[in-house]
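Inside the fold
One-letter residues, chain by chain:
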Amino acid sequence: MESLYPEIIRQKYCDIFGSAPELIVRSPGRINLIGDHTDYNEGFVLPAAIDKAIYFAIGVRSDDTIRLFSQNLNDTHISSLTLPEKSITQTWANYILGVVNEILKADHPLKGFNLVFGGDLPTGGGLSSSAALENGIGFCLKELFRLSISRLELVQISKMAENEFVGMKCGIMDMFVSMMGRFNSVIRLDCRSLEANYFPFGSNEYVWVLCDTMVKHALVDSEYNTRRSECEQGVVLLKQFDPSIKSLRDVSLQMLEKHKDAFPGVVYQRCKFVLEENQRVEQACLALEKNDFLAFGELMYQSHQGLSELYEVSCEELNFLVDQAKGSSGVCGSRMMGGGFGGCTLNLIQKSKVAVFVDKMKKAYFDHYKKTIPCYVVQLDQGTSIVQQIR
Ligand code: GLA
C-alpha cells in the first residue's frame with residue numbers, strides 16, 4: 001500500500017511556508033539480519049532497508065537561513081547556514097545540521113532552505129532513524145542544489161556527521177544500507193572494502209517481525225564506545241605477535257585462542273564474539289542461498305547468545321522477548337539487533353503463524369512488564385530515493 005506520508009509532509013510544508021516544496025524524498029530505516037558490532041571491526045554485516053521511512057519536503061530560500069520542522073515532534077529549529085551550531089535542547093536537529101556542516105566542509109555550494117520531515121519510522125527503536133535522517137537530508141541537498149556527490153560519498157558524509165557533530169562513534173552499516181538498500185534484498189557488506197553483495201529475500205513463507213521492547217537504557221552511547229575501545233585493545237595486543245594486523249578482520253579464532261593468556265578476560269570475550277559473529281554472517285549467507293530458514297534462525301539464536309553473554313550489550317527485556325520467541329510455533333530464529341541495551345528484537349517467522357506469535361509476545365510482555373509493545377511485520381525495501389520532483 002502506498003504511504004500517505006509524502007502527502008502529509010507536502011501539505012504541512014505548504015501550510016507552514018505558503019508555497020509548494022520543490023522535492024520530496026524518502027529515506028528508510030533498516031533491520032540487520034545478522035552481524036552486529038562487526039562493522040567498526042572491518043567485518044561483515046547482513047542488513048536490509050525496510051518499508052518504514054522518514055519523508056522530506058524541501059525547498060530553497062532566498063537567504064542563508066535553515067528552517068526545519070519535525071512533523072513527528074511538532075518542533076521547529078532555525079539555524080544559520082553559514083554557521084550551523086550544535087543544539088543542546090533540540091538534539092534531533094543535529095543530525096541535519098551535521099550533514100549540512102559536512103557538505104559545506106567539502107566546499108559544495110549551498111543556500112538556505114526550508115524543510116519539513118516526518119514518517120512512520122520509530123525513533124529510538126534501534127531501526128536507525130538517525131541514519132535515515134542524515135541520508136535523507138544529504139540526498140535532498142544533493143538533488144536540490146545539483147551537487148556532484150555520489151551515493152557512497154553521501155554515506156560517508158552521514159557517518160562523519162554522526163561521528164563528529166552528533167558525537168556517536170558508530171560504524172558504517174546503518175547509513176550504507178539505508179542509502180543502498182534494494183526491494184526484497186539483503187546486503188552482505190564487507191565493511192573493510194565496502195563491497196556489497198545483494199541476496200534476494202522475497203520468501204512467500206517467511207517474514208521478519210520486530211518486537212519493540214520500548215526501552216532504551218541509559219549509557220547506550222558510552223557502552224558502545226567502550227566496546228569499540230575494547231576491540232581496539234585486542235588489536236593492539238595481537239599486533240605484538242603479528243605487526244601486519246590492522247583490525248579484528250585480520251585475526252582468526254585460532255590466533256586468538258593461541259594468545260588467550262595475554263588478554264584481560266573481557267577483551268578476549270569481546271574479540272571472540274566479533275570473530276564468531278563474522279563467521280555467522282558467512283554461514284547465514286550460505287543458508288539464505290539454500291533457502292534454509294531453520295539454519296538461518298539457529299544462527300540468529302547463536303548471535304543473540306553471543307551478544308548477551310560475550311559482548312554484553314543485551315538487556316533483560318531483550319532476553320525476555322527472545323526467550324518467549326524460542327520454541328513458539330513457526331519461529332525459526334530471534335535476536336536482539338543493532339547497538340543493544342533496548343530497541344527491537346528481530347524474529348524470522350512463518351507467515352501463517354504471525355498473528356498468534358504477535359498476540360503471544362504482547363501478552364507475555366504485558367504480564368511481565370505492564371507495557372503494551374508494538375510489533376511490526378517489515379518488508380525489505382529500496383534505499384533513499386526521490387518520491388516526487390516538483391521543480
Ligand atoms: C549501531 C551502530 C552501527 C553498528 C550497530 C551494531 O546501530 O550505528 O554502526 O555498529 O550498532 O551492529
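It should be noted that the structure appears before, not after, this text.
A few points on the structure. This one's a predicted model, so the numbers in the text were calculated from it and none came from an experiment.

As a further point, take the site of the ligand. By nearness alone, every residue bordering the ligand is listed as Arg30, Asp36, His37, Asp39, Tyr40, Cys170, Gly171, Met173, Asp174, Tyr224, Gly338 and Gly339. Between the ligand and His37, the relevant distance is 2.7 Å, taken from an oxygen atom to a main-chain nitrogen or oxygen of the residue. Contacts to the ligand include Asp174, whose side-chain N or O atom sits 2.6 Å from an oxygen atom. Its free accessible area being 310 Å², the ligand has 94% of it covered by the protein chains. Partitioned by chemical class, the residues of the shell around the ligand number four nonpolar, four polar and four charged.

Further remarks concern the sheet that holds strand β9 (residues 206-216). The four strands are arranged β10-β11-β9-β12 in an open sheet whose pairing can be described as antiparallel. Looking along the sheet, the strands with just one partner apiece sit at the ends: β10 (331-336) and β12 (375-378). Adjacent strand axes in the sheet meet at a mean angle of 20 degrees, parallel and antiparallel pairs treated alike. Bridging between β9 and strand β11 (residues 342-350) involves eight bridges; their strand directions are antiparallel. By the bridge assignment, Leu210 is partnered in β11 with Leu346. Set on the sheet, helix α9 (residues 293-310) makes contact with β9, β10 and β11; between it and β10 the angle comes to about 25 degrees. Here helix α11 (residues 354-369) sits on the sheet and contacts β9, β10, β11 and β12; the angle it forms with β9, its principal contact strand, is near 15 degrees.

This part is about unusual backbone geometry. At Asn74, a position not held by glycine, the phi torsion is positive, near 55 degrees. With respect to the secondary-structure elements, Asn74 resides in the loop between β4 (65-70) and β5 (75-80). The class of Asn74 is exposed, set by a relative accessible area of 59%. Of note, the phi angle at Met214 is positive, near 65 degrees, even though the residue is not glycine. Turning to its location among the elements, Met214 is positioned in strand β9.

Relative orientation of the contacting elements α9 and helix α10 (residues 316-325) amounts to 155 degrees, with a least axis distance of 12 Å. Considering the angle they form, α9 stands roughly antiparallel to α10. Our pair here, α9 against α10, has a crossing hand that is left-handed. Two secondary-structure elements touch here, α9 through Tyr301, His304 and Ser308 and α10 through Leu318, Asn319, Val322 and Ala325.

For any two helices packed against each other, one specifies the crossing angle of their axes together with the interaxial distance. With their axes 9 Å apart at the nearest point, helix α2 (residues 92-105) and helix α3 (residues 129-144) run at an angle of 40 degrees to one another. Looking at the two axes, α2 sits oblique to α3. The two elements α2 and α3 meet at a crossing, and its hand is right-handed. Here α2 contributes Trp92, Tyr95, Ile96, Val99, Val100 and Ile103 to the contact with α3, which in turn contributes Ser130, Leu133, Glu134, Ile137, Gly138 and Leu141.

Core analysis: the biggest nonpolar cluster contains 108 residues, and Ile31, Leu46, Phe113, Trp208 and Phe296 have the highest contact counts within it. Ranked by residue count, the leading element in this core is helix α8 (residues 265-289), at eleven residues. Ile31 has contacts with Pro47, Ala48, Ile50, Trp208, Leu210, Met337, Leu346, Val378 and Leu380, leaving out every residue within four places of it along the chain. Counting 19 residues, the second largest nonpolar core, distinct from the first, contains Val209, Tyr301, Leu321 and Met361.

The rules behind each value
Residues numbered from 1 in each chain as written. Predicted model: local features only at pLDDT ≥ 70, side-chain atom pairs only at ≥ 80, totals over all residues. Heavy atoms only, no water. Near = heavy atom within 4 Å. Polar contact = N/O pair within 3.5 Å; in protein donor to acceptor, adjacent residues only side chain to side chain. Areas by Shrake-Rupley, 256 points an atom, 1.4 Å probe, with all protein chains shown as cover. Nonpolar A, V, L, I, M, F, W, Y, C, P; charged D, E, K, R; others polar. Pairing = 2+ DSSP bridges. Helix = DSSP H or I, 4+ residues; strand = E, 2+ residues; numbered from the N terminus. Axes fitted to C-alpha atoms, helices over the stretch in contact; angles between N-to-C directions. Contact = heavy atoms within 4.5 Å. Buried < 20%, exposed > 50% of the residue type's maximum accessible area, 1.4 Å probe, protein only. Parallel < 35°, antiparallel > 145°, perpendicular 65-115°, else oblique. Left-handed = near helix turned anticlockwise from the far one by under 90°. Core = buried A, V, L, I, M, F, W, Y, C linked by side-chain atoms within 4.5 Å.

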